[in-house]
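Analysis of the macromolecular model
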Amino acid sequence: MPPGNIWALVPFKGPDGAKERLSAYLSARERRDLTLAMVQDVLDALTRASLSGVLVVSRSPTALELVREFNAEVFADSANDLTGAVTEASDFVANRADGTMIVHGDLPLLTTDEVNHALRSHRDITLVPDRHDIGTNCIIATPPNAMTYQFDGTSFEPHQALAREAGFEPRIVRLPGFGLDIDTIDGLRAFAAAGSDTRSGRLLAKTGVASRLSATHN
């Protein structure tokens, strides 16, 4: 197996009941549609990048539709949390991958160029934090599960420590598309203000959510 054989893992709970932290600002239908549009944007960026494969980690029936659309694969994990899910998925692809790239599904500004940049920069363990250096929005690990994961919303510092405990000095890469995850109203407003020509951006514009958020923020 040649070096650089990296598989992307995209954990995806499914669109129903997603993004509860935005429930004061978006209806259940709006949150569902946005969640689906964001993971589609992420998969679009990943499937065009220099990756050997893309694996959606999910038990949601919607995942089957996604993998057909993007020519990806699905892995139905049995874990109770994100950390367990990506650990199981990494084990699943370990026999055909030199490494894994864990990418969250709520990064609507992610681009193929950024994915390729992170891959080119990678060595052993690469961490890509959110824009506040609080959470970890991407981890590249060679080999798969080279370190222990701890996804809890404030994982960037713990992941640096865990990489060192595993014997690796993590490489830190900061990129704007990787950095903006949509978990809070501030993140959603920042994304809406960007007016991006993505599925998620077009959805916010078409449904009037973008203008509504702008009006309530002023």
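Above: the structure in question.
Things to note about the side chain of Thr 198
The residue Thr 198 is located in the loop between helix 7 (185–194) and helix 8 (199–207) in this model. Under the relative-accessibility criterion, Thr 198 is labelled buried at 16%. A polar contact is formed between the side chain of Thr 198 and the side chain of Ser 196, at a distance of 3.0 Å. Filtering out sequence-adjacent residues up to four positions away, Thr 198 remains in contact with Asp 41, Pro 108 and Phe 191.

What about unusual backbone geometry?
A cis geometry characterises the amide bond from Thr 142 onward to Pro 143, with omega recorded as 0°. Within the secondary structure, Pro 143 sits in the loop between strand 6 (136–141) and helix 5 (156–165). Positive phi outside glycine occurs at Lys 19, with the angle close to 55°. Owing to a relative accessible area of 18%, Lys 19 belongs among the buried residues under this scheme.

Points about the nonpolar core
Side chains of nonpolar character tend, in soluble globular proteins, to be buried together. Among the nonpolar cores identified, the biggest contains 32 residues, and Leu 46, Leu 51, Met 101, Val 103, Val 115 and Phe 178 are the most heavily contacted of them. Sorting the residues of this core by element identifies strand 1 (6–11), helix 1 (28–47), strand 2 (53–57), helix 2 (62–70), strand 4 (99–103), helix 4 (112–121) and strand 6 as the ones contributing at least two each. Those residues within four positions of Val 115 in sequence are excluded, and the remaining contacts are Leu 46, Ala 49, Leu 51, Met 101, Leu 110 and Phe 178. The next biggest cluster of nonpolar side chains, apart from the first, holds 24 residues, and it includes Val 93, Ile 125, Leu 127 and Phe 168.

Some details on helix 3 (residues 82–93)
With 12 residues, helix 3 extends 17 Å between its outermost C-alpha atoms, agreeing within 8% with the 16 Å of an ideal straight helix rising 1.5 Å per residue. Taken as a whole, helix 3 has its buried residues at Thr 83, Ala 85, Val 86, Ala 89, Ser 90 and Val 93. Buried residues of helix 3, seen end-on, are gathered within an arc of 165° and therefore sit on one face of the element. Against the buried residues of helix 3 lie strand 1, strand 2, strand 3 (73–75) and strand 4.

Here is what the cut-offs are and how they apply
- Per chain, residue numbering runs from 1 following the sequence as it is written.
- Totals for whole chains, interfaces and linings use all residues, but because this is a predicted model, local features are given only for residues with pLDDT of at least 70 and pairs of side-chain atoms are given and counted only at 80 or more.
- Each side-chain value is derived from all of the structure's non-hydrogen atoms; neither hydrogens nor water enter the calculation.
- Put simply, DSSP H or I for four residues or longer makes a helix, DSSP E for two residues or longer makes a strand, and each gets a number counted from the N terminus.
- Burial classes follow relative accessibility: with a 1.4 Å probe on protein chains only, a residue under 20% of its type's maximum area counts as buried, one over 50% as exposed, and anything between as partly exposed.
- Pairing of N or O atoms within 3.5 Å defines a polar contact, subject to two protein rules: one partner must be a possible hydrogen donor and the other a possible acceptor, and residues neighboring in sequence count only if both atoms are side-chain atoms.
- Here, residues are in contact when the closest pair of their heavy atoms is within 4.5 Å.
- Here, the term nonpolar core denotes a set of buried Ala, Val, Leu, Ile, Met, Phe, Trp, Tyr and Cys residues that are joined through side-chain atoms within 4.5 Å.
- Helices are assigned an expected span. That span is 1.5 Å times one less than the residue count.
- The reported arc concerns the directions from the helix axis to the C-beta atoms and nothing else.

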